[in-house]
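What the coordinates show
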Protein chains: 2
Amino acid sequence: MLPGVGVFGTGTTARVLVPLLKSEGFEVHALWGQSEEEASCLAEELNIPFHTSRSDDVLLHQEVDLVCIYIPPSMTRQIAVKALGIGKNVVCEKAATAVDSFKMVTAARYYPQLLSTMGNTLRFLPAFVAMHKLLLEGYVGEVQVCDVRVYGPSLLDESYGWTCEELMGGGGLHTVGSAIIDLLSFLTGARAHRVHGLLRTFVQQNNSIRGIRRVTSDDFCFFQMLMSGKRSSSGGVCCTVTLNFNMPGSFVHEVMVVGSAGRLIAKGTELYGQQNGKNEELLLGDNGWSGPEVKSMPMPQMQGLSSMVKALRLSFQAHEERRSWAHEPVAMAPTFEDGLYVQTVVEAIKRSSTSGEWASVDIMREEPDPNHNLCEALQRNKI
Amino acid sequence: MLPGVGVFGTGTTARVLVPLLKSEGFEVHALWGQSEEEASCLAEELNIPFHTSRSDDVLLHQEVDLVCIYIPPSMTRQIAVKALGIGKNVVCEKAATAVDSFKMVTAARYYPQLLSTMGNTLRFLPAFVAMHKLLLEGYVGEVQVCDVRVYGPSLLDESYGWTCEELMGGGGLHTVGSAIIDLLSFLTGARAHRVHGLLRTFVQQNNSIRGIRRVTSDDFCFFQMLMSGKRSSSGGVCCTVTLNFNMPGSFVHEVMVVGSAGRLIAKGTELYGQQNGKNEELLLGDNGWSGPEVKSMPMPQMQGLSSMVKALRLSFQAHEERRSWAHEPVAMAPTFEDGLYVQTVVEAIKRSSTSGEWASVDIMREEPDPNHNLCEALQRNKI
């Protein structure tokens, strides 16, 4: 039986998510917004019976058994951990720091019977599901190189906010790069152990962000990851990722995996492959998207989100009890542990960009001294 | 009046170059090959009256006033310097080391009346000539990012030779990367001051290279250059270059320049542009190549080579005396100084790949102790 849903957030994702949930048969009972006004506006627009700006009102809502959290990264951990504590299933976006991610992992480990997945929808995009399957079947042989590029217009909100602020989880690396880092570990079955990166903020001020305010989050980022895993070649996998958000009017989303016997390339939502000695083949075409088109949400994310909601439906439908869910349909969803890995890589890349050196990826195993994080942030600001 | 030409080399470039020279009206009088047999075979095929395996026989040939050198990098310096010393004009491929490049610069400075250009033909490709012009005119605004990728099949010769050997000047970085490094400095008017790179040799043995022999030259290379120059934005230009030669059956050659007001992308021999707020436009289409198609030479190099030969004709035609040439038609050709810069960047990228750190690009100003180079090579081998 499908659970009732409570949605946190009033941004683009929340706006797209609610109709998708409804079309799969979920009932959305409650909406949370940062201000009463935002919440009430969107609730009316999307026809949601209850809205609030107090998080507990959603978390404790009787009808809500699944909580979807799409809010600024710095607020995610608090809501996600609390939701699990109250016994609700959680789908949420990334947190702002590795420490926050670690706290979420701790909570998820404590309530293994609850669904707790990160909202990286790229894993669910049919092109990447097919790519994952073909890689497992050995289509490209031993994986050697992954080469990813995402180009698009600015990620900044119209007014000054967390998207402008690196420490709040803004920027191309944190917003888009983290989804790519997650995707690459899903596709290759390998994890980064060393990373190197360079972040730049080319546009520090624009028409709406000016005066004493400056953007600190990156609009250009490239990084390399040296990954190793069971399926990769003896030398490991080299990944190169280029993110550029100074390209208004364009959207490029290409993920290429090159191996000893061939290669696979996902361009947008299509998948192409070429095995050595053969011609390139279209393995998965554009399946004719019938849903809404939202300018600020690229098609791969949009279609991935739609597929994720379908998977959630299958997972919950499998059981009578409305809080119970089956593992298999959401088996490929990223866990909170994956979220911690991704956040750790993101922070290592930032460290590398500052130091100019390769940084190692060390996954947190115990919570650090709570003051340590503050010191680090202060130190970073000084640099 | 057009000078008589002597060609060094029997490889793909020499084979393509001779017909191009002839079709522009140059007479090719002499051909040098590493073995008498290679020289005689190709001379017969291309209908060249004189062939030899002794370099002096070409250099001292009465009819030869322009020497084109397309031989393994480790032999280039010796021939080029000698040719200038005898008073011949020189077009040549890159040398193997910065020390060799420096010796060539010294010779070129000593004979400024002689033509001495590096054979990087990409600068002459119409798409890049147009790109260069548009960048000067401010089409993209301030240049922020250059993003280049070249993918293709293996660069290795069929049998074991210098292409397999990193110290002999083999590998994707040295062969293809150096042309890109040169091109980017031509396009942006900026020079790299810091570089970071990663080189890999994924295929160390194949059907013809096996047993105790191993390939040491890179088949995958990723590097970044931080460049600065008069035309670049205050933060400088970030360049990312991805070279992958484990992709049989494909050829991708893309050079993208992104600036504050738009971007330019050369795909193969075509040029596209998009200014912010406008649609993408085809600025230069495929002009219908009527020359030969050679499988082992990609179209941008081929057409660039053809344009370079045309420029050489214009340069020499401008004067009556057959050794004299006009500067203007070949003004955009890379000089030996450019060759030294490129070689210095290549070596810095290799250093960075070994150390894992950013390496600074310091152009040689005086010749080092001749034993120093040997020591370095020995040390590198130890590592």
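Residues numbered from 1 in each chain as written. Chains lettered and ligands numbered in written order. Predicted model: local features only at pLDDT ≥ 70, side-chain atom pairs only at ≥ 80, totals over all residues. Heavy atoms only, no water.

Across all of its chains, the model carries eight aromatic pairs over all chains by this definition. When the centroid spacing of 6.4 Å and the interplanar angle of 80° are considered together, the rings of Phe222(A) and Phe222(B) count as edge-to-face. Here the residue Phe222(A) occupies a position in strand β9 (residues 220-229), and Phe222(B) occupies one in strand β9 (residues 220-229), the pair thus bridging two chains. Phe222(B) shares its class with Phe222(A); the two are buried. With 5.2 Å between their ring centres and 75° between their planes, Tyr110(B) and Tyr111(B) make a pair best called edge-to-face. For Tyr110(B), a relative accessible area of 65% translates into the label exposed. Exposure remark for Tyr111(B): the relative accessible area of 22% places this residue in the partly exposed category. Put simply, the rings of Phe202(A), Phe220(A), Phe222(A) and Phe222(B) touch in pairs and so form one group of aromatic residues. Directly above the ring of Tyr272(A) sits Lys267(A), whose terminal nitrogen or CZ lies 5.5 Å from the centroid. (Phe/Tyr/Trp six-rings, centres within 6.5 Å; stacked < 30°, edge-to-face > 60°. Helix = DSSP H or I, 4+ residues; strand = E, 2+ residues; numbered from the N terminus. Buried < 20%, exposed > 50% of the residue type's maximum accessible area, 1.4 Å probe, protein only. Lys NZ or Arg CZ within 6 Å of the ring centre and 35° of its normal.)

Interface size is commonly expressed as the accessible area that is lost once the parts come together. All names here are of chain A. The domains assigned to chain A are domain 1 (4-121 + 300-342) and domain 2 (123-284). In this structure, domain 1 and domain 2 have C-alpha centres spaced 24 Å apart. The interface of domain 1 with domain 2 comprises 23 residues on the first partner and 24 residues on the second. Among the residues of domain 1 in contact with domain 2, Pro300, Met332 and Tyr341 are the three that bury the most area, contributing 33% of the side total. Connecting domain 1 to domain 2 are two salt bridges. For the pair domain 1 and domain 2, the number of links is 11 residue pairs in polar contact (both at pLDDT 80 or more). The set of elements that each furnish at least two residues to the side of domain 1 that touches domain 2 consists of α4 (73-86), α8 (299-317) and α9 (336-355). Here the element with the most residues in the side of domain 1 that touches domain 2 is α8; it accounts for seven residues. A class-by-class count of the residues in the side of domain 1 that touches domain 2 yields 13 nonpolar, seven polar and three charged. (Domains from an automatic or database assignment. Contact = heavy atoms within 4.5 Å. Buried area = accessible area lost by both parts, 1.4 Å probe. Salt bridge = Lys/Arg side-chain N within 4 Å of Asp/Glu carboxyl O. Polar contact = N/O pair within 3.5 Å; in protein donor to acceptor, adjacent residues only side chain to side chain. Nonpolar A, V, L, I, M, F, W, Y, C, P; charged D, E, K, R; others polar.)

Helix-helix packing is described using two parameters, namely the angle between the two axes and the distance between the axes. Residues and elements named next belong to chain A. Contact geometry of helix α1 (residues 12-23) with helix α2 (residues 36-46) gives a least axis separation of 11 Å together with a crossing angle of 35°. Viewed along their axes, α1 and α2 form a crossing whose handedness is right-handed. On α2, the residues that touch Ala14, Arg15, Val18, Pro19 and Lys22 of α1 are Leu42, Glu45 and Leu46. Classifying every residue of the contact of α1 with α2 gives five nonpolar, no polar and three charged. (Axes fitted to C-alpha atoms, helices over the stretch in contact; angles between N-to-C directions. Left-handed = near helix turned anticlockwise from the far one by under 90°.)

Here we take up the relation of the copies chain B and chain A. When chain B is fitted to chain A, the best match, at an RMSD of 0.0 Å, comes from turning it 180° and sliding it 0.0 Å along the axis. Both copies of the chain, as the preceding transformation shows, are related through a two-fold rotation axis. Proximity to the rotation axis, assessed at the C-alpha, singles out Glu357(B) in chain B; its C-alpha lies 2.6 Å from the axis. A share of 97% of the interface residues of chain B reappears at the interface of chain A, consistent with the copies meeting face to face through the same patch. (Least-squares fit on C-alpha atoms with pLDDT ≥ 70 in both.)

This part covers empty space enclosed by the protein. Residues and elements named next belong to chain B. With the rule as written, the count across this model stands at one cavity of 30 Å³ or more. The calculated volume of the largest cavity comes to roughly 30 Å³. Around the largest cavity, the lining residues are Leu125, Pro126, Ala127, Thr269, Leu284, Gly285, Asn287 and Gln303. For the lining of the largest cavity, the class distribution of residues is four nonpolar, four polar and no charged. (1 Å grid on protein atoms, 1.4 Å probe; cavity = no way out; pocket = protein on both sides within 12 Å on 5 of 7 lines; lining within 4 Å. Points joined across faces, edges and corners; volume = space filled by probe spheres on them.)

Residue and element names in this part refer to chain B. Within the secondary structure, Lys350 sits in helix α9 (residues 336-355). For Lys350, a relative accessible area of 12% puts it in the buried group. Looking at Lys350, its side chain comes within polar contact range of the side chain of Glu166, at 3.3 Å.

Moving on to α4(A). All names here are of chain A. Taking 1.5 Å of rise per residue, 14 residues should cover 20 Å, and α4 covers 21 Å from first to last C-alpha, within 8% of that figure. Residues Pro73, Thr76, Ile79, Ala80, Ala83 and Leu84 constitute the buried set of α4. Projected onto a plane normal to the axis of α4, the buried residues spread over an arc of 130° and lie on a single side. Directly after α4, the chain includes Gly87, whose backbone phi takes a positive value near 95°. (Expected span 1.5 Å × (residues − 1). Arc of directions from axis to C-beta.)

Before going further, it helps to spend a moment on the interface of chain B and chain A. In this complex, chain B contributes 35 residues to the contact, which on the side of chain A involves 35 residues. Surface buried jointly by chain B and chain A totals about 3000 Å² across both partners, of which 60% is contributed by carbon and sulfur atoms. Summed over the three residues of chain B that lose the most area to chain A, namely Arg149(B), Phe202(B) and Phe222(B), the buried surface amounts to 16% of that side. Counting every contact that joins chain B to chain A gives two salt bridges. In this structure, Glu254(A) engages Arg149(B) in a salt bridge whose closest nitrogen and oxygen atoms are separated by 3.3 Å. The interface formed by chain B and chain A includes 12 residue pairs in polar contact (both at pLDDT 80 or more). Among the secondary structure elements, those contributing two or more residues to the side of chain B that touches chain A are β7 (143-151), β8 (190-200), β9, β10 (237-244) and β11 (252-259) of chain B. Considering only residue class, the side of chain B that touches chain A consists of 14 nonpolar, 16 polar and five charged.

Right, let's get into the pattern of salt bridges. Scanning the model with the defined rule gives 30 salt bridges over all chains in all. For the salt bridge of Arg77(A) with Asp100(A), the shortest nitrogen-to-oxygen distance reads 3.2 Å. Of this pair, Arg77(A) sits in helix α4 while Asp100(A) is found in helix α5 (residues 98-110), placing the two residues 23 residues apart along the sequence. Between Glu137(B) and Lys133(B) there is a salt bridge; the shortest N-O distance is 3.1 Å. The pair Glu137(B) / Lys133(B) is uniform in exposure class, with both members exposed.

Moving on to the environment of Trp289(B). Residues and elements named next belong to chain B. Inspection of the secondary structure assignment puts Trp289 in the loop between β14 (281-284) and α8 (299-317). The partly exposed category is assigned to Trp289, whose relative accessible area is 23%. Sequence separation of Trp289 and Thr269 is 20 residues, and the distance between their C-alpha atoms is 9.9 Å. Beyond its immediate stretch of four places on either side in the chain, Trp289 contacts Met299, Met302, Gln303 and Ser306.

A few words on the sheet that holds strand β11 (residues 252-259) of chain A. Within a sheet, neighbouring strands are paired by backbone hydrogen bonds and run either parallel or antiparallel to one another. Residue and element names in this part refer to chain A. Ordered by their spatial adjacency, nine strands build an open sheet running β14-β13-β12-β11-β7-β10-β9-β8-β15, and the pairing between neighbours is mixed. Strand pairing shows two members of the sheet lacking a second neighbour, β14 (281-284) and β15 (359-360), which therefore form its edges. By the bridge criterion, six bridges tie strand β12 (residues 262-267) to strand β13 (residues 270-275) in an arrangement that is antiparallel. If you follow Leu264 over to β13, its bridge partner there is Gly273. (Pairing = 2+ DSSP bridges.)

All names here are of chain B. Mapped onto the fold, Leu284 is located in strand β14. Residue classification places Leu284 among the partly exposed positions, given a relative accessible area of 27%. In the structure, Leu284 is positioned 10 residues away from Gln274 in sequence and 13 Å away in space, judged by C-alpha atoms. If we skip the residues at most four places from it in the chain, Leu284 touches Pro126, Ala127, Thr269, Glu270 and Leu271.

Take His174(B): it is sitting in helix α7 (residues 172-188). Aside from chain neighbours lying at most four places away, what touches His174(B) is Pro73(B), Lys94(B), Ala95(B), Ala96(B), Gly169(B), Gln343(B), Val346(B) and Lys350(B).

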